[in-house]
Structure formats: C-alpha cells, structure tokens
Amino acid sequence: MTKNLPYIMPSPQHQVEEGFAGYKTTHQFYHEVRSRSEFQRYCEWYYAIAEQNRQELKRMRGELNIFQWFRRR
C-alpha cells in the first residue's frame with residue numbers, strides 16, 4: 001500500500017513548477033522554430049517573385065511600345 005502512496009498524494013509545488021517550466025520552454029522553442037521557418041519560406045517566395053518581376057520588366061522595356069504611336073500628335 002505504501003508503494004502506491006506517491007501516485008495518490010500530489011507532488012510538491014516546486015516539482016510541478018519545474019515540470020511546467022520545461023513544458024513552457026519546449027513549447028516556446030518549437031513556436032520560435034516554426035515562426036522562423038515560415039518567415040524563411042516567405043522571404044524565399046518574395047525574392048523569387050521579385051526576381052521574376054525584374055525579368056518581366058526588363059523584357060517589357062525591350063519590347064516595341066505600340067501605344068506610343070497612338071499618342072503622337
């Protein structure tokens with residue numbers, strides 16, 4: 001009967017706080033890792049789109065501007 005006593009009686013407060021502190025630290029760590037990964041993916045996407053836009057702008061500048069013919073007076 002006495003061997004089951006630790007399961008029946010609550011743990012001391014400092015042990016409970018240590019357990020929750022470990023959980024909270026782990027949770028915050030994984031949240032930070034997830035946030036940084038999402039930010040990294042966003043930056044990669046942004047730079048890829050920016051490069052694509054630069055290429056399109058360069059191509060557009062090299063094309064013949066038909067609208068300029070209609071604007072001449």
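Above this note sits the structure.
Cut-off values and rules
Residues numbered from 1 in each chain as written. Predicted model: local features only at pLDDT ≥ 70, side-chain atom pairs only at ≥ 80, totals over all residues. Heavy atoms only, no water. Phe/Tyr/Trp six-rings, centres within 6.5 Å; stacked < 30°, edge-to-face > 60°. Buried < 20%, exposed > 50% of the residue type's maximum accessible area, 1.4 Å probe, protein only. Helix = DSSP H or I, 4+ residues; strand = E, 2+ residues; numbered from the N terminus.

Caption draft 1: Representation of the packing of aromatic side chains. Following the criterion strictly, the structure yields four aromatic pairs and no others. Ring centres of F29 and Y30 lie 5.3 Å apart, and the angle between their planes is 75°; this geometry places the pair in the edge-to-face category. On the accessibility criterion, Y30 (51% relative accessible area) is exposed. Residues Y42 and W45 carry aromatic rings whose centres are separated by 5.8 Å and whose planes lie at 35° to one another, so their mutual orientation is tilted. Here Y42 and its partner W45 are both found in helix 2 (residues 13–62), three residues apart, which amounts to about one turn of the helix. Y42 sits in the partly exposed class, given a relative accessible area of 45%. What makes W45 partly exposed here is its relative accessible area of 48%.

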